[in-house]
Amino acid sequence: MTPQPAIATTPFDAAAVRADFPILTQEPAPGEPSLVFLDSAASSQKPAAVIEALDDYYRAANANIHRGVYRLSELSTGRYEQARHLVADFVGAASPRECVFVRNTTEAINLVAHAWGRKHIAAGDLIVLTVMDHHSNLVPWQLLAEEKGAELAHVTVTPDGRLDLDHLDALLRREPKLVAFPHVSNSLGTLNDAAEITRRAKAAGATVLIDGAQSVPHLPADVQALGCDFLAFSGHKMLGPMGSGVLWGKKAVLDALPPFMGGGSMIRTVELTRSTWADVPARFEAGTPAVADAIGLGAAIEYLSALGMDAVRAHERDLLAYALPRLAEIPGMTLLGPSDPVHQSGVVSFTLGDIHPHDVAAILDAEGVAVRAGHHCTQPLLRHLGLVATTRASFYVYNTEADVDRLVSALHAANRVFGLT
Ligand code: PLP
């Protein structure tokens with residue numbers, strides 16, 4: 001393994017953070033190990049503050065929003081729009097109107113593929129994606145390309161799991177209409193230089209969408225510094241409720257788009273055979289939204305902001321720096337991706353000898369360690385790396401070095417079960 005760069009230890013009290021998460025502080029059943037949760041890349045746990053925000057909303061403020069003239073509806077509307085302000089501040093949006101509440105990253109990308117894609121993509125146009133994309137940033141564009149007769153091309157990935165920027169440059173010379181890529185790979189943890197990729201793509205005249213599902217929860221993400229047109233992310237991966245997500249879009253870009261879905265709330269006027277549209281973001285929020293979940297996301301953002309996103313990133317980097325050499329010493333261990341805390345988020349993917357990743361995950365589960373095994377919704381990436389599945393451990397604010405120690409000792413146990421040590 002390449003030597004790790006020296007990393008300053010950051011003051012971050014993960015044990016105190018952990019105490020805020022009821023699911024992590026539950027007493028295990030007699031004879032059962034306590035839970036070490038290392039699957040936050042799939043969905044994070046929720047702090048009491050978020051659970052209480054949901055509870056309080058339903059107890060004290062529940063009513064449909066925007067249309068009510070009574071006080072309870074105004075209270076509910078106020079909390080929903082306050083959550084939008086929190087989201088806007090969190091990602092550096094120029095205005096809360098640039099933030100559309102959706103259910104998740106997948107819906108955000110589909111919204112762009114439908115509303116922006118149908119308007120701007122024509123037969124023969126090029127859309128540039130990457131080999132490391134999650135299925136939710138592949139399939140919507142495949143559907144669009146099929147409908148329009150557009151072409152898809154994918155920036156390739158180096159053996160150590162980084163985007164090949166020379167290949168990006170070669171594709172940009174073909175003047176794509178859109179470049180869409182993940183800020184952080186959910187499979188390998190690769191931290192892409194999103195601002196630089198965006199700068200190059202914009203210089204080539206492309207519209208840029210960043211899949212922020214694995215970055216917005218874990219590091220400071222500022223849309224002004226990134227320079228993109230769209231940023232998609234999921235609330236449930238950043239301490240917020242399931243069913244909360246955000247599409248941020250530049251106001252001028254959103255303003256020029258037709259709706260994604262039709263129905264109530266997204267209209268200005270409706271006649272029997274035609275309608276006119278509300279301004280953004282309402283134009284993209286058809287029907288009754290997930291009001292409580294948006295408010296819960298607002299509470300998650302307040303929680304993360306109080307920790308400080310620089311501190312969150314530094315904590316995960318420190319954990320990774322602690323974990324990588326210890327994991328590398330385990331017999332049979334193959335670490336995938338950059339294996340470098342500077343270029344990697346708190347996601348570690350690996351294989352262990354020829355033990356199937358599902359078997360590894362099952363043995364870890366018996367030891368109380370929850371990790372994910374499979375293709376992580378990145379089948380093309382794994383195929384590119386000559387793999388079918390990996391085991392993936394992912395860290396977040398509540399993980400500690402003791403969790404890493406439990407992971408390492410559970411992996412030794414897996415080796416013993418399979419007679420490898
Ligand atoms: N993009 C990336 C990089 C992801 O990791 C994920 C989820 O794992 C998604 C998109 C899809 O997120 P969601 O399932 O919340 O729509």
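In the annotation of an unreviewed UniProt entry, the chain is listed under the name Cysteine desulfurase and assigned to uncultured Thermomicrobiales bacterium. The annotation that UniProt attaches to the chain under Cofactor (unreviewed entry) is "pyridoxal 5'-phosphate". Quoted verbatim from the Catalytic activity (unreviewed entry) field of UniProt, the annotation for the chain is "(sulfur carrier)-H + L-cysteine = (sulfur carrier)-SH + L-alanine".

In this structure, Ser-345 sits in the loop between strand E11 (333-335) and strand E12 (347-352). When near neighbours in sequence (up to four residues on either side) are disregarded, Ser-345 contacts Val-184, Gly-189, Leu-191, Gln-214, His-218, Arg-313, Glu-316 and Leu-320.

In sheet architecture, strand pairing relies on hydrogen bonds along the backbone and comes in two forms, parallel and antiparallel. With antiparallel pairing, the four strands of this open sheet are ordered in space as E11-E12-E15-E14. Either end of the sheet is taken by a strand with one partner, and the two such strands are E11 and strand E14 (372-374). Sheet twist, expressed as the mean angle between neighbouring strand axes with direction ignored, is 30 degrees. Alignment of E11 against E12, held across three bridges, turns out to be antiparallel. Bridge pairing links Leu-335 to Phe-350 in E12. Against the sheet, helix H12 (residues 357-366) touches E12, E14 and strand E15 (390-394), its axis set at about 165 degrees to E14.

Helical geometry: 3.6 residues make up each α-helical turn, so side chains three or four residues apart lie on a common side. Every buried residue of helix H7 (residues 194-203) is accounted for by Ala-194, Glu-196, Ile-197, Thr-198 and Ala-201. Of the surrounding elements, those touching the buried residues of H7 are helix H6 (165-172), strand E5 (178-182), strand E6 (207-211) and helix H8 (223-226). Of the residues trailing H7, Gly-205 is marked for its positive phi of about 90 degrees.

On to the packing of aromatic side chains, then. Inspection of the entire model under this criterion finds five aromatic pairs. Both rings, one in Phe-21 and one in Tyr-398, keep their centres 4.8 Å apart while their planes meet at 70 degrees; by these two values the pair is edge-to-face. Residue Phe-21 is located in the loop between helix H1 (14-18) and strand E1 (36-37), and its partner Tyr-398 is located in the loop between E15 and helix H14 (401-417); the two are separated by 377 residues in the primary sequence. Look at Tyr-398 and you get buried, because its relative accessible area is 1%.

In terms of burial, E15 is a largely internal element, five of the five residues being buried. Going residue by residue along E15, you find Thr-390, Arg-392 and Ser-394 tucked away on one face and Thr-391 and Ala-393 tucked away on the opposite face as well. Pairing geometry for E12 and E15, over four bridges, is antiparallel. Residue pairing for E15: Val-348 is matched across the bridge by Ala-393. Strand direction decides the pairing type here: E14 and E15, joined by three bridges, are antiparallel. Its bridge partner being in E15, Arg-372 is matched across the sheet by Arg-392.

Take the packing of H6 against H7 next. For the pair H6 and H7, the least separation of the axes is 10 Å and the interaxial angle reads 20 degrees. Viewed along their axes, H6 and H7 adopt a mutual orientation that is roughly parallel. Pair H6 / H7 crosses with right-handed handedness. Facing Leu-165, Leu-168, Asp-169 and Leu-172 of H6, the residues of H7 in contact are Ile-197, Arg-200 and Ala-201.

Our next topic: the pairing of strand E4 (residues 151-155). Pairing geometry for strand E3 (residues 126-130) and E4, over five bridges, is parallel. Bridge pairing links Leu-129 to His-154 in E4. Crossover E3 to E4 through helix H5 (residues 139-148) is right-handed.

Quick look at the site of the ligand now. Inspection of the region around the ligand gives 13 residues, with Thr-106, Asp-211, Gln-214, Ser-234 and Lys-237 positioned closest. With respect to the ligand, the backbone of Thr-105 contributes an N or O atom lying 3.4 Å from an oxygen atom. Within the side chain of Lys-237, one N or O atom sits 2.5 Å away from an oxygen atom of the ligand. Taking 390 Å² as the accessible area of the ligand by itself, protein coverage stands at 88%. Of the residues assigned to the shell around the ligand, the class counts are two nonpolar, nine polar and two charged.

Quick notes on the rules
- Numbering of residues starts from 1 in each chain and follows the order in which that chain's sequence is written.
- Local features in this predicted model are restricted to residues of pLDDT 70 or higher, and side-chain atom pairs are both shown and tallied only at a pLDDT of 80 or more, whereas totals for entire chains, interfaces and linings draw on every residue.
- Note that the side-chain values use all heavy atoms of the structure and ignore hydrogens as well as water.
- UniProt positions are given in the numbering used here, feature names are shortened, and annotations may be inferred rather than shown by experiment.
- Numbering of helices and strands runs from the N terminus, with a helix taken as a DSSP run of H or I at least four residues long and a strand as a DSSP run of E at least two residues long.
- Here a residue-residue contact requires only that any non-hydrogen atoms of the pair lie within 4.5 Å.
- Strands pair, by our definition, only if DSSP identifies at least two bridges between them.
- Every axis corresponds to a line fitted to the C-alpha atoms, with the helix fit spanning only the stretch in contact, and the corresponding angles, defined between N-to-C directions, vary from 0 to 180 degrees.
- Throughout this description, buried means an accessible area under 20% of the type-specific maximum (1.4 Å probe, protein chains only), exposed means over 50%, and partly exposed covers the range between.
- Pairing of aromatic rings covers Phe, Tyr and Trp, the last counted by its six-membered ring, and requires centre-to-centre distances within 6.5 Å; plane angles under 30 degrees mean stacked, over 60 mean edge-to-face, and any other angle means tilted.
- Small angles under 35 degrees read as roughly parallel and large ones over 145 as roughly antiparallel, with 65 to 115 read as roughly perpendicular and the rest as oblique.
- Should the near helix be turned counterclockwise from the far one by less than a right angle, the crossing is left-handed, whereas a clockwise turn marks it as right-handed.
- Whether a crossover is right-handed comes down to one check: with the strands pointing away from the viewer, does the path from the first strand over the helix to the second run clockwise; if it does, it is right-handed.
- Any residue with a heavy atom lying within 4 Å of a molecule or strand is counted as near it.
- Within 3.5 Å is the distance limit for a polar contact, defined as a pair of N or O atoms, with the added protein rule that one can donate a hydrogen and the other accept it, and that residues adjacent in sequence qualify only through two side-chain atoms.
- Areas reported as accessible are Shrake-Rupley estimates using a 1.4 Å probe. Residue values count occlusion only from the protein chains shown.
- Any residue outside Ala, Val, Leu, Ile, Met, Phe, Trp, Tyr, Cys, Pro, Asp, Glu, Lys and Arg is labelled polar, Gly included; the first ten of those are nonpolar and the last four are charged.

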